Amino acid sequence: MFRWILLFVLVVPALEIGIFIWAGGKVGPWWVIFLIILTGVVGAWLARKQGMETLFKARQSIATGQLPHTEIFDGVCILVGAAFLLTPGFITDAIGFCLLLPSTRRPIKRWMQKTLKIMMDKGTVTIINHRRR
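Residues numbered from 1 in each chain as written. Predicted model: local features only at pLDDT ≥ 70, side-chain atom pairs only at ≥ 80, totals over all residues. Heavy atoms only, no water.

- Taking an unreviewed UniProt entry as the reference, the chain is identified by name as UPF0716 protein FxsA belonging to Aquibacillus albus.

What follows is the structure, encoded as structure tokens:
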């Protein structure tokens, strides 16, 4: 896992710089700056909207006595997606929008749930239930 994160941290910024230079040559540097700012603003708005909807759904689940497990995964995706959208770059923006939009978030959520289950089965992750009595 650490190798993937290290690779991501090293390779993605280099690719982003290359894309900035290429896009700046095609449409001009001011358009690139405008697009970076626009995706940040749209991403912040979308993250807030999706976050509030998820919070409302989580409260509804809790009110009916259910564990809001899908909403927790939604919240994680929204938080990470917002962070990616606030990071300048077209690759990170694409990842961020995929995590924020419900239709593209669904398969990512399923993958996260399967991965967590596998990790729990292997014992690499444990979840402790602290209930008040």
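Moving on from the coordinates now.
1. Remarks on helix 1 (residues 2-27)
Then, in step 1: An ideal rise of 1.5 Å per residue puts 38 Å on 26 residues; helix 1 measures up with 37 Å between its terminal C-alpha atoms.
Then, in step 2: Within the span of helix 1, buried status applies to Val 12, Glu 16, Ala 23 and Gly 24.
Then, in step 3: Of the surrounding secondary structure, the elements contacted by the buried residues of helix 1 are helix 2 (29-63) and helix 4 (90-100).
Then, in step 4: Within two residues after helix 1, Gly 28 carries a phi angle of roughly 100°, on the positive side. (Helix = DSSP H or I, 4+ residues; strand = E, 2+ residues; numbered from the N terminus. Expected span 1.5 Å × (residues − 1). Buried < 20%, exposed > 50% of the residue type's maximum accessible area, 1.4 Å probe, protein only. Contact = heavy atoms within 4.5 Å.)

2. Thoughts on the packing of aromatic side chains
Then, in step 1: The final tally for this structure, using the stated rule, is three aromatic pairs.
Then, in step 2: Aromatic side chains Phe 20 and Phe 90 sit 5.7 Å apart centroid to centroid with 70° between the ring planes, which places their arrangement in the edge-to-face category. With a gap of 70 residues between them, Phe 20 in helix 1 and Phe 90 in helix 4 connect regions that are remote in the sequence.
Then, in step 3: When its relative accessible area of 21% is taken as the criterion, Phe 20 is described as partly exposed.
Then, in step 4: By relative accessible area, Phe 90 is classed as partly exposed at 23%.
Then, in step 5: With a centroid separation of 5.7 Å and an interplanar angle of 90°, the aromatic rings of Trp 31 and Phe 34 are classed as edge-to-face. (Phe/Tyr/Trp six-rings, centres within 6.5 Å; stacked < 30°, edge-to-face > 60°.)

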